[in-house]
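# Summary of structural features
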Amino acid sequence: MFAAFNLKMKKNFDYYIDMGNEVYVRDRERVETEFNQFLKRNRNLKEASNQDDWFSHIKADIFIAHSPLDKGKALALSGWLQSKFKLNAYIDSSIWDPADSFLKKMDEKYEKHINESYNTKKRHLCINHVHTLLSTALTHIMDDTECIIFLNPPSTVSTKEVMNQTTSPWAYLELAISKRLRKKIPVRSQENMKQEPYKVNDSLMLEYHLGTHHLANIGDEDLQKWNLYFNLSKLKRLAKSPALRAIHPLDFLYKKHGFMKETIEQ
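Bear in mind the structure is a predicted one, so any value in this text is a computation, not a measurement.

## Concerning the packing of aromatic side chains
Taken as a whole and judged by the stated rule, the model has 13 aromatic pairs. A ring pair is formed by W80 and W226, whose centres lie 6.1 Å apart and whose planes are at 65 degrees; its orientation type is edge-to-face. Here W226 lies in helix α8 (residues 220-240) and W80 lies in helix α3 (residues 71-85), a separation of 146 residues in the sequence. Ring pairing ties together the aromatic residues F13, Y15, Y16, W80, F85, W226, F230 and F252, which thus form one cluster. For the cation-ring pair, K256 lies above Y229, with the distance from its terminal atom to the ring centre recorded as 4.1 Å.

Written as structure tokens, this is what we have:
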């Protein structure tokens, strides 16, 4: 990860929702396939503990984290990013949505009794084990993704909100991971990057309050300006010489929010 943003998105991008949904369905199906292959490969939880390559197929420019209420906005944002910049976005719910059914299959495969009841102790062990594996895989995905966008993140998460499906139970985990991830400067333009775009917080918050101070705040107007500057740059480049190297679209967003030096050529 290089940069993380707190996007307060109000504008309606529904025109792009179908494009985003196509990518989401494809990614979700790949996750479900990987879950099913995992169940076939691993005959017990001890063998499963060696699983370290979940979702290795995921290669995205941007990771989008959202609450259940903002899923439509996440799909639309993904489609908009693809349409305007040819950027591939990965939506976190393509993992979390299939996770519940995967856990149920784990229960049925490993812990179910003949009388159709569950051994509570073993079931808790199974759930905790799978959550650990999922959290580890998620950390790898976020680490490998250059840019992370938190879509309308809440300031707190309560059990009631999680039960009512108005807030993702993974929101705290994803924000905590984003604080601790190493900042990796993209190879394409290291000379233009600030060496310390944001300082890493040395201590994780133990309270269930979702600190977002490490995220750069952006809104709908910033998205529109990003698209405008990118398109103007393309026109300038074509007017000078089509052979000039195109600037990566994310670099425009980074520059406007202090992640890159102001000397980047547009």
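## A closer look at the pattern of salt bridges
Opposite charge on two side chains lets them pair, provided their charged atoms get close. Applying the stated criterion across every chain, the model contains eight salt bridges. The shortest N-O distance in the salt bridge between R28 and D97 comes to 3.7 Å. Remark: D97 occurs in helix α4 (residues 93-111) and R28 occurs in helix α1 (residues 17-41); sequence separation between them is 69 residues. What makes D97 partly exposed here is its relative accessible area of 32%. K225 is the salt-bridge partner of E221, the closest N and O atoms lying 3.3 Å from each other. Highlighted residues: E221 and K225, both in helix α8, separated by four residues, approximately one helical turn.

## Overview of the nonpolar core
In this structure, F5, I62, L77, W80, L81, W226 and Y254 are the most contacted members of the largest nonpolar core, which totals 35 residues. Broken down by secondary-structure element, the contributors of at least two residues to this core are β1 (3-8), β2 (62-65), α3, β3 (89-91), β4 (147-151), β5 (216-219), α8 and α9 (249-256). The greatest single-element share of this core, amounting to seven residues, is contributed by α3. Each residue touching I62, except ones within four places of it in the same chain, is listed here: L81, L87, N88, A89, Y90, T145, C147, I149, W226 and L250. Membership of the second largest hydrophobic core comes to 34 residues, among which are A4, F38, Y90 and L181.

## Topic: the sheet that holds β4
Taking strand neighbours across the sheet as the criterion, the five strands line up as β3-β2-β4-β1-β5 in an open arrangement whose pairing is parallel. Looking at the sheet topology across the chains shown, the edges are occupied by β3 and β5. Across the sheet, the mean angle separating the axes of adjacent strands is 30 degrees when strand polarity is ignored. Here five bridges tie β1 to β4, and the two strands are oriented parallel to one another. Each residue of the ladder has a partner; that of L7, found in β4, is L151. Sitting on the sheet, α8 touches β1, β2 and β5, and the angle it makes with β5 is about 80 degrees. Across the face of the sheet, α9 comes into contact with β1, β2 and β4 while running at roughly 80 degrees to β1.

What counts as what
Residues numbered from 1 in each chain as written. Predicted model: local features only at pLDDT ≥ 70, side-chain atom pairs only at ≥ 80, totals over all residues. Heavy atoms only, no water. Phe/Tyr/Trp six-rings, centres within 6.5 Å; stacked < 30°, edge-to-face > 60°. Helix = DSSP H or I, 4+ residues; strand = E, 2+ residues; numbered from the N terminus. Lys NZ or Arg CZ within 6 Å of the ring centre and 35° of its normal. Salt bridge = Lys/Arg side-chain N within 4 Å of Asp/Glu carboxyl O. Buried < 20%, exposed > 50% of the residue type's maximum accessible area, 1.4 Å probe, protein only. Core = buried A, V, L, I, M, F, W, Y, C linked by side-chain atoms within 4.5 Å. Contact = heavy atoms within 4.5 Å. Pairing = 2+ DSSP bridges. Axes fitted to C-alpha atoms, helices over the stretch in contact; angles between N-to-C directions.

These figures come from the coordinates and say nothing about function on their own.
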